[in-house]
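In case you want the letters, here they are:
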There are 4 protein chains.
Amino acid sequence: MVRKKKPEKYKSIIDAAVKVFAREGFHNAKIQDIAKEAGIAHGTVYIYFDSKDALLISVFEEKLGELIDYVKSEIEKIESPEEKIRRLISLQVEIMKENPNLTELMLVEFPQTGRFLDCSAMDRVGEYIELITDILKQGVSKGIFDSDIDSDMLATIIYAGIYGLATRWILEKRDSPAKEMVDGIANMFLNGIKS
Amino acid sequence: MVRKKKPEKYKSIIDAAVKVFAREGFHNAKIQDIAKEAGIAHGTVYIYFDSKDALLISVFEEKLGELIDYVKSEIEKIESPEEKIRRLISLQVEIMKENPNLTELMLVEFPQTGRFLDCSAMDRVGEYIELITDILKQGVSKGIFDSDIDSDMLATIIYAGIYGLATRWILEKRDSPAKEMVDGIANMFLNGIKS
Amino acid sequence: MVRKKKPEKYKSIIDAAVKVFAREGFHNAKIQDIAKEAGIAHGTVYIYFDSKDALLISVFEEKLGELIDYVKSEIEKIESPEEKIRRLISLQVEIMKENPNLTELMLVEFPQTGRFLDCSAMDRVGEYIELITDILKQGVSKGIFDSDIDSDMLATIIYAGIYGLATRWILEKRDSPAKEMVDGIANMFLNGIKS
Amino acid sequence: MVRKKKPEKYKSIIDAAVKVFAREGFHNAKIQDIAKEAGIAHGTVYIYFDSKDALLISVFEEKLGELIDYVKSEIEKIESPEEKIRRLISLQVEIMKENPNLTELMLVEFPQTGRFLDCSAMDRVGEYIELITDILKQGVSKGIFDSDIDSDMLATIIYAGIYGLATRWILEKRDSPAKEMVDGIANMFLNGIKS
DNA sequence: AATGAATGAGCTTTCATTCAT
DNA sequence: TATGAATGAAAGCTCATTCAT
């Protein structure tokens, strides 16, 4: 039997990269470390990825895609725009709790290193904001949200709020991002826009 | 606080570093480039700073301190908590517009690189959030803001919102952060918390 | 000489190696490329050859041997020493035209890389010069060539001339090595030595 | 006093490179070795040369230029075309004896590695052949050389002969390239073309 | 204080070679 | 035999830092 290039190894390198990039930062991370984390020889990394940069891009694309798809699928199950917003925020926080390394990478490393890379992952962020915009528009058309709001702008603000909150949480290594904080941010946003 | 007045060259290196770190990112920035930007030989940098890391820390401390002091002094001139919040947000945006390099550095490089540095600059951020907390508390005690709010948490959310908004603005290289957006974010926050 | 008949795949690897070594140079050539050229997996190369070096040596020995045997057999058919020299030169040029890759390898790669290899192929070159020496000696003993000439030295010069001419031809990627040039070099050599 | 980038160091790296490239071959030569040979740190090489390739190109250009200029200046002192040819050959042999490393590099490494480099040194070779062509043309116009000869072609043959002879000499590590051989090759060429 | 040539640790990347299948 | 994923030694190159001037 002829073995195929194992996709599990691809995944395991991505996962190792998430850990090491998050722990060390992209520039301080050594391919050697990632390989060690994945339990393989460092040369093997180059069978699956063209370069360290390419690995980072793949990490972003794979993981960001996964997350956004997950959030989308969860949001679709919900009818009420208000609940969608609450769910969006709590989902984000859940994800943060369960994938602190990945979150750290996305929030801290992606903006810094990603901007020098020619990378489609940036577009996924736009996609995510569109998701929020759509929810807001639904809410407006249903008369739940104030019709004065600029959905695009507000979507950005909400995204930014979650993003910024998460960043602070990450940077301060808080143990629990507090259910209260989720509700707090959700309430504030919703109070601010409800008609 | 006593601060020895720094020589001109010290300042010019800091300013050059702000530009180059923002342009290239900390890791890609070369001491050589910073020296060139400052119009000096690269060896000279080491007369004023112990290392590249130390230079980055000094940049953060000097500049972040300046900014926070400026914001504080502006806020103090205002009486109304609501207006203080509005002013805070618009100041932040003003600063962003006038110091895009510095803003970029603070928002994008500081979180990434700063966390590996043993650095007092982090504390200044806390100071800034306290500033917001104090405003909120004033508003609550004056009956302007809802007494249910958790000032600490909300301060973090507001800081995070501004931070996140700014980050997106930076990353998307928007030409104008839109007066509307400033009002939008201020209104939403204030609507959400006003009693 | 006893040579075990080599399997087809052995030959095909040698031929692929000639192409790839000539095209890329020995050091730039990858075993992978040679395998691809031969239509096999790169691991298979190591079933037939111990190492990349060994493959190069085999290429030299196989191909140089073939060529020298061919030239010898052609020369033997001719009686006149003068004609033998002319034939020798024109044969060399013919071979060059028909096997540009191999010629390039022999002329350009062999001297450079070959000298680091412990390799019997060098001896075949000596054999080739002896062939020329013998022709010259025959010519002298028949009174056709000047008896003053030092056959060994002259053989080297003639070999060198052909070699050098060919090298220039190779390096300049000339399309036609010009019948005239063959006659020119032959005439000059012969005029110079005829008694 | 401000030190300038020392040109002696540039020269010493070139000279070290000549030795090491000749000894090891370009691909086997390590920058480390060249630096050691020059008595400097390996990083220093990169102050003077952009890359290993660039170093090789510089070696070719510097040294080949020097040699050709030297030969030209010597040839100009001589009146008789016949003597010019003799001098040319003996000069080449002299140079070979005095600079065996450089000769080896020029003859063995240049054709092999040089062809992959975008390099003006190739042109200098053409210049050298033109020098021979001009001598031949002078001889023809003075009635010393046979008017039937094709100067261009013959120049190439003579160059090739010297080149090829030198190559064999190099490869066989002969101790003395024998005054006789110089005369032999000169005589043969001249007998072959004299009118 | 200022300069910039020199240093060398350390990293990414390549690819010949191995070996489990 | 044949395969090709995996290995890891080895080398080019960078750039923060030093220090003689």
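In the block above lies the structure referred to throughout.
These numbers were taken from a predicted model, which means no experiment stands behind them.

The rules behind the values
Residues numbered from 1 in each chain as written. Chains lettered and ligands numbered in written order. Predicted model: local features only at pLDDT ≥ 70, side-chain atom pairs only at ≥ 80, totals over all residues. Heavy atoms only, no water. Least-squares fit on C-alpha atoms with pLDDT ≥ 70 in both. Contact = heavy atoms within 4.5 Å. Near = heavy atom within 4 Å. Polar contact = N/O pair within 3.5 Å; in protein donor to acceptor, adjacent residues only side chain to side chain. Helix = DSSP H or I, 4+ residues; strand = E, 2+ residues; numbered from the N terminus. Nonpolar A, V, L, I, M, F, W, Y, C, P; charged D, E, K, R; others polar. Salt bridge = Lys/Arg side-chain N within 4 Å of Asp/Glu carboxyl O. Buried area = accessible area lost by both parts, 1.4 Å probe. Buried < 20%, exposed > 50% of the residue type's maximum accessible area, 1.4 Å probe, protein only. Arc of directions from axis to C-beta. Lys, Arg positive; Asp, Glu negative; His and termini not counted. Phe/Tyr/Trp six-rings, centres within 6.5 Å; stacked < 30°, edge-to-face > 60°. 1 Å grid on protein atoms, 1.4 Å probe; cavity = no way out; pocket = protein on both sides within 12 Å on 5 of 7 lines; lining within 4 Å. Points joined across faces, edges and corners; volume = space filled by probe spheres on them. Axes fitted to C-alpha atoms, helices over the stretch in contact; angles between N-to-C directions. Parallel < 35°, antiparallel > 145°, perpendicular 65-115°, else oblique. Left-handed = near helix turned anticlockwise from the far one by under 90°. Patch = residues over 30% accessible without salt bridge, like charges linked within 9 Å, V, L, I, M, F, W, Y side chains within 5 Å. Areas by Shrake-Rupley, 256 points an atom, 1.4 Å probe, with all protein chains shown as cover. Charge placed at Lys NZ, Arg CZ, Asp CG, Glu CD.

Trainee: Please explain the relation of the copies chain A and chain B as it appears in this structure.
Mentor: Put simply, the second copy of the chain is the first one after a rotation about an axis and a shift along it. Mapping chain A onto chain B is achieved by rotating through 179° and translating by 0.0 Å along the same axis, at an RMSD of 0.2 Å. Put plainly, the chains are arranged around a two-fold axis. A share of 98% of interface residues in chain A that are also interface residues in chain B marks the association as one of identical surfaces.

Trainee: Where do I start with the relation of the copies chain C and chain D in this structure?
Mentor: Relative to chain D, chain C is turned by 179° and slid 0.1 Å along the rotation axis, the superposed coordinates differing by an RMSD of 0.2 Å. Take the interface residues of chain C: 98% of them recur as interface residues in chain D, which is what a same-surface contact looks like.

Trainee: Even after reading the chapter, I still don't get the protein's contact with DNA strand F, so can you show me in this structure?
Mentor: If you check the shell around DNA strand F, you find 33 residues, and the closest are Lys9, His42, Thr44 and Tyr48 of chain A together with Tyr46 of chain D. Taking the atoms of DNA strand F that fall within 4 Å of the protein, sugar and phosphate contribute 66% of them. One of the side-chain nitrogen or oxygen atoms of Tyr48 of chain A is found 2.5 Å away from a phosphate oxygen of DNA strand F. At the level of secondary structure, the elements contributing two or more residues to the surface near DNA strand F comprise helix H3 (42-48) of chain A, helix H3 (42-48) of chain B, helix H3 (42-48) of chain C together with helix H3 (42-48) of chain D. Looking at the surface near DNA strand F residue by residue, the classes come out as 15 nonpolar, 10 polar and 8 charged.

Trainee: Got a minute to help me understand the protein's contact with DNA strand E in this structure?
Mentor: Taken together, the neighbourhood of DNA strand E is formed by 34 residues, with Tyr46 of chain A together with Lys9, His42, Thr44 and Tyr48 of chain D sitting nearest. Looking at DNA strand E alone, sugar and phosphate atoms form 68% of those within 4 Å of the protein. A distance of 3.1 Å separates a phosphate oxygen of DNA strand E from a polar backbone atom of Ala41 of chain B. A distance of 2.7 Å is found between a phosphate oxygen of DNA strand E and a side-chain nitrogen or oxygen belonging to Thr44 of chain B. Contributing elements (two or more residues each) for the surface near DNA strand E: H3 of chain A, H3 of chain B, H3 of chain C together with H3 of chain D. Partitioned by chemical class, the residues of the surface near DNA strand E number 16 nonpolar, 10 polar and 8 charged.

Trainee: Mind showing me how you'd approach the arrangement of the chains here?
Mentor: A gap remains between chain A and chain C, which never touch, and the nearest two C-alpha atoms on either side lie 12 Å apart. One finds no contact linking chain B with chain C; the least C-alpha distance across the pair is 31 Å.

Trainee: Just checking my understanding: could you explain the pattern of salt bridges for this structure?
Mentor: Side chains that differ in charge, positive against negative, can pair when their charged atoms come close. By the definition in use, this model includes 52 salt bridges over all chains. We note a salt bridge from Lys11 of chain B to Glu62 of chain B, for which the minimum N-O separation is 3.2 Å. One end of the pair, Lys11 of chain B, is in helix H1 (residues 8-24); the other, Glu62 of chain B, is in helix H4 (residues 52-76), and 51 residues separate them in sequence. In this structure, Glu37 of chain D engages Arg23 of chain D in a salt bridge whose closest nitrogen and oxygen atoms are separated by 3.4 Å.

Trainee: Help me understand the interface of chain C and chain D in this model?
Mentor: The parts lose accessible area when they come together, and the size of an interface is often stated as this lost area. Facing the 40 residues of chain C at the interface are 40 residues of chain D. Roughly 3,200 Å² of surface becomes buried between chain C and chain D when both sides are summed, with 72% attributable to carbon and sulfur atoms. The largest contributions to the chain C side of the interface with chain D come from Arg115, Arg168 and Met188 of chain C, which together make up 19% of the buried area. Inspection of the region where chain C meets chain D yields 0 salt bridges. Taken together, chain C and chain D are joined by 0 residue pairs in polar contact (both at pLDDT 80 or more). Of all elements in the fold, only helix H1 (8-24), helix H6 (100-114), helix H7 (121-141), helix H8 (151-171) and helix H9 (179-193) of chain C reach the threshold of two or more residues within the side of chain C that touches chain D. At 13 residues, the largest contribution of residues to the side of chain C that touches chain D is made by H8 of chain C.

Trainee: Explain helix H2 (residues 31-38) of chain B to me, please; I cannot follow it from the model alone.
Mentor: The periodicity of an α-helix, 3.6 residues per turn, causes residues three or four positions apart to be oriented the same way. Residues and elements named next belong to chain B. Buried within H2 are the following residues: Ile31, Ile34, Ala35 and Ala38. For H2, the buried positions fall inside an angular range of 100° around the axis, keeping them on one side. Check the buried side of H2 and you find it contacts H1, H3 and H4. Looking one or two places after H2, you find Gly39, whose phi comes out positive at around 75°.

Trainee: I'm lost on the side chain of Lys52 of chain A in this one. Help?
Mentor: Residue and element names in this part refer to chain A. Take Lys52: it is sitting in helix H4 (residues 52-76). Of the side chains bearing the opposite charge, Asp53 lies closest to the buried Lys52, which forms no salt bridge; the N-O distance is 7.0 Å. Contacts of Lys52, omitting those with residues within four sequence positions, involve Phe21, Phe26, His27, Ala29 and Ile31.

Trainee: Explain the interface of chain A and chain B here, please?
Mentor: Listed per partner, the contact involves 40 residues of chain A and 40 residues of chain B. For the pairing of chain A and chain B, the buried interface totals around 3,200 Å² over both sides, and the portion due to carbon and sulfur atoms is 72%. The largest contributions to the chain A side of the interface with chain B come from Arg115, Arg168 and Met188 of chain A, which together make up 19% of the buried area. Across the contact surface, chain A and chain B share 0 salt bridges. Along the contact surface separating chain A from chain B lie 1 residue pair in polar contact (both at pLDDT 80 or more). Elements with a minimum of two residues in the side of chain A that touches chain B: helix H1 (7-24), helix H6 (100-114), helix H7 (121-141), helix H8 (151-172) and helix H9 (179-193) of chain A.

Trainee: Just checking my understanding: could you explain the packing of aromatic side chains for this structure?
Mentor: Taken as a whole and assessed by the stated rule, the structure comprises 18 aromatic pairs over all chains. Arranged with centres 5.1 Å apart and planes meeting at 55°, the rings of Phe21 of chain A and Phe26 of chain A form a pair that is tilted. Assigned by exposure class, Phe21 of chain A and Phe26 of chain A land together as buried. Plain terms: the ring middles of Tyr128 of chain B and Tyr159 of chain B are 5.9 Å apart, the flat faces sit at 70° to each other, and that makes the pair edge-to-face.

Trainee: What should I look at first to understand empty space enclosed by the protein in this one?
Mentor: Residue and element names in this part refer to chain B. Across all of its chains, the model carries 6 cavities of 30 Å³ or more by this definition. Considered as a void within the structure, the largest cavity measures approximately 310 Å³ in volume. Among the elements of the structure, H4, helix H5 (81-98), helix H6 (100-114), helix H7 (121-141) and helix H8 (151-171) are those that each provide at least two residues to the lining of the largest cavity.

Trainee: Can you walk me through the packing of helix H4 (residues 52-76) of chain D against helix H6 (residues 100-114) of chain D in this structure?
Mentor: For any two helices packed against each other, the geometry is given by the interaxial angle and the distance between the axes. Residue and element names in this part refer to chain D. Here H4 crosses H6 at 130°, and the two axes come no closer than 11 Å. One finds that H4 runs oblique with respect to H6. Seen from above, H4 lies across H6 with left-handed handedness. Across the interface between the two elements, Leu56, Val59, Phe60, Lys63, Leu64 and Leu67 of H4 pack against Leu102, Leu105, Met106, Glu109, Phe110, Thr113 and Gly114 of H6.

Trainee: Hey, could you run me through a negative patch on the surface in this one?
Mentor: Taken together, the side chains of Glu130, Asp134, Asp150 and Asp152 of chain A together with Glu180 of chain B make up a negatively charged region of the molecular surface. With respect to the helices and strands, the residue Asp152 of chain A is situated in helix H8. Since its relative accessible area comes to 48%, Asp152 of chain A is described here as partly exposed.

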